[in-house]
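Structural description and commentary
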Amino acid sequence: MSRPGPKDVVRALRRAHRLPDDVGPRMADLERRLADAVRELGRMGPQLAALETRVEELAARLAPSPTGDAADVEAARNVLEEVRAEHARVRARISAATVFEERLRVLEERAGVDSATGLDKA
C-alpha cells in the first residue's frame, strides 16, 4: 500500500476544512427536527394511553353481549371503530418517529457526535 502523496493530503485537508461548514447547518436542522419529533412523541404518548383505555372500555362493554337498543349498539361500534382507526394512526406516527430517531443516531455516529449529549466524541 502506498503512502499518501502531498496532493492527497491537501485534498483531505480541504475536505476536513469544509466539513464543519457542511455539517453544522445539517446538524442544526437535524437537532430541530429531533426536538420536534420528541415533542410530538411526548404529546402522542398520553393520547395513545387514553385511546387504549377507551378501546378497552368499549371492548368490555361490547364483548359479552351488547345491551340496549340497536341504535346504541351501532353508535358504540362506530365509536369503537373510530378509536381503533385513530389508535392505528398514532402507532404509525410513533413508528415513523422511531425510524427518524434511528436515522438521526446513525448520522450522529457518522459525524462523531454522542447521541446522548450532542457533544463531539473524543
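Residues numbered from 1 in each chain as written. Predicted model: local features only at pLDDT ≥ 70, side-chain atom pairs only at ≥ 80, totals over all residues. Heavy atoms only, no water.

**Quick look at the overall build of the protein chain**
Summing up its helical and strand segments, the protein chain has two helices and zero strands in all. The 122 residues of the protein chain split such that 16% are buried. Carbon and sulfur atoms make up 57% of the accessible area of the protein chain, which amounts to about 9300 Å² in all. (Helix = DSSP H or I, 4+ residues; strand = E, 2+ residues; numbered from the N terminus. Buried < 20%, exposed > 50% of the residue type's maximum accessible area, 1.4 Å probe, protein only. Areas by Shrake-Rupley, 256 points an atom, 1.4 Å probe, with all protein chains shown as cover.)

**Details of the nonpolar core**
Met44, Leu48, Leu51, Val55, Leu58, Leu62, Ala76, Leu80, Val83 and Val90 form the largest nonpolar core, which has 10 residues in total. Mapped onto this core, the elements with two or more residues apiece are helix 1 (6-62) and helix 2 (70-111). No other element matches helix 1, which puts six residues into this core. Here this core spans two domains, since at least three of its residues come from each of domain 1 (1-63) and domain 2 (68-121). When residues no more than four places from it in sequence are discounted, the contact partners of Val90 are Met44, Leu48 and Leu51. (Core = buried A, V, L, I, M, F, W, Y, C linked by side-chain atoms within 4.5 Å. Domains from an automatic or database assignment. Contact = heavy atoms within 4.5 Å.)

**Some thoughts on the environment of Arg77**
Along the chain, the position of Arg77 falls in helix 2. A sequence separation of 19 residues divides Arg77 from Leu58, and the C-alpha atoms of the two residues are 8.2 Å apart.

**With respect to the pattern of salt bridges**
Oppositely charged side chains can form a pair if their charged atoms are brought close together. Scanning the entire structure with this criterion turns up 11 salt bridges. Notably, a salt bridge pairs Glu81 with Arg84, separated by 3.3 Å at the nearest N-O pair. One end of the pair is Glu81 and the other is Arg84, both in helix 2 and three residues apart, which spans about a single turn. A salt bridge links Arg89 to Glu86; its shortest N-O distance comes to 2.8 Å. Separated by three residues within a single helix, Arg89 and Glu86 lie in helix 2, roughly one turn from each other. Within the structure, one salt-bridge network assembled from shared partners comprises Asp29, Arg32, Arg33, Asp36 and Arg39. (Salt bridge = Lys/Arg side-chain N within 4 Å of Asp/Glu carboxyl O.)

**Re helix 2**
Compared with the 62 Å implied by 1.5 Å per residue over 42 residues, the 61 Å span of helix 2 between its first and last C-alpha is a close match. Among the residues making up helix 2, those that are buried are Val73, Ala76, Leu80, Val83, His87, Val90, Ala97, Phe100, Leu104 and Glu108. Directly after helix 2, the chain includes Gly112, whose backbone phi takes a positive value near 80°. (Expected span 1.5 Å × (residues − 1).)

**As for the side chain of Glu108**
Here Glu108 shows up in helix 2. Buried within the structure, Glu108 lacks any salt-bridge partner; Arg105 is the closest side chain of opposite charge, at an N-O distance of 7.5 Å. If sequence neighbours within four positions are ignored, Glu108 has contacts with Met27, Val113 and Ser115. (Lys, Arg positive; Asp, Glu negative; His and termini not counted.)

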